[in-house]
Amino acid sequence: MAYATVFDHLTTEPEIGAPAADRLISGNPQFRTWNIEEASGGLYAGIWEATPGKWRIAYDEWEYFHILSGRSVVSEDGGAETHLKAGDSMILRPGFKGSWEVIETTRKDYVIRV
């Protein structure tokens, strides 16, 4: 078993996706996800990219992410809007509900703990 992983997303095929139809608010956002790590115990890490659009989000898991490029707005139901750009980081905790709006195609790296 290797204890370190070097990852090159340019040589790995991404998973393609989109928000579920019942969560879509506006636009036609498309996702590309490069899963780097899926460890036992519910730990996931990788790179995620989305094209412009807006959808509802609800977190049952804990996620840390760092914006690599683009601009997005994460809004909490009944709370503040957080405008994100390259270089910004954020943590979303279980129970977070709101929306994610991609203004300019956004790429982030992430670590999720279920």
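Here, every reference points to the structure presented above.
My aim in this report is to walk through the structure given alongside it, one point at a time. (Residues numbered from 1 in each chain as written. Predicted model: local features only at pLDDT ≥ 70, side-chain atom pairs only at ≥ 80, totals over all residues. Heavy atoms only, no water.)

For the rest of this paragraph, the subject is the side chain of Thr-106. With respect to the helices and strands, the residue Thr-106 is situated in strand S9 (residues 97-113). Of the polar contacts made by the side chain of Thr-106, one reaches the side chain of Ser-72; its length is 2.8 Å. The residues touching Thr-106, leaving out its near neighbours within four places in the chain, are Trp-48, Glu-49, Ala-50, Ile-67, Ser-69, Gly-70, Arg-71 and Ser-72. (Helix = DSSP H or I, 4+ residues; strand = E, 2+ residues; numbered from the N terminus. Polar contact = N/O pair within 3.5 Å; in protein donor to acceptor, adjacent residues only side chain to side chain. Contact = heavy atoms within 4.5 Å.)

Let's shift gears to the environment of Glu-101. Within the fold, Glu-101 resides in strand S9. C-alpha of Glu-101 to C-alpha of Trp-48: the two residues are 53 residues apart in sequence and 14 Å apart in space. Excluding residues that lie within four positions of it along the chain, Glu-101 makes contacts with Gly-53, Lys-54, Arg-71, Ser-72 and Val-73.

A regular strand carries its side chains on alternate faces of the sheet. The buried count for strand S4 (residues 43-50) comes to six of eight residues, which makes it a mostly enclosed element. Relative to S4, strand S3 (residues 31-39) runs antiparallel, the two being bridged by eight bridges. Looking at the pairing, Glu-38 lines up with Tyr-44 of S4. In textbook terms, the turn of a hairpin is the stretch between consecutive antiparallel strands, and for S3 and S4 this stretch comprises three residues, one of which, Gly-41, has a positive phi near 90 degrees. Here S4 pairs with S9 via eight bridges, running antiparallel. The residue of S9 that forms the bridge with Ala-50 is Thr-106. (Buried < 20%, exposed > 50% of the residue type's maximum accessible area, 1.4 Å probe, protein only. Pairing = 2+ DSSP bridges.)

So, on to the environment of His-66. Turning to its location among the elements, His-66 is positioned in strand S6 (residues 62-76). With a relative accessible area of 24%, His-66 lands in the partly exposed category. Ignoring sequence-local partners within four residues, the contact set of His-66 consists of Gly-87, Asp-88, Ser-89, Arg-107, Lys-108 and Asp-109.

With that settled, the discussion passes to the layout of surface pockets. The calculated volume of the largest pocket comes to roughly 450 Å³. Taken together, 19 residues make up the lining of the largest pocket; nearest its centre are Trp-48, Ile-57, Tyr-59, Glu-61 and Glu-63. For the lining of the largest pocket, the secondary structure elements donating two or more residues are S3, S4, strand S5 (53-58) and S9. In terms of residue class, the lining of the largest pocket is made up of 12 nonpolar, two polar and five charged. (1 Å grid on protein atoms, 1.4 Å probe; cavity = no way out; pocket = protein on both sides within 12 Å on 5 of 7 lines; lining within 4 Å. Points joined across faces, edges and corners; volume = space filled by probe spheres on them. Nonpolar A, V, L, I, M, F, W, Y, C, P; charged D, E, K, R; others polar.)

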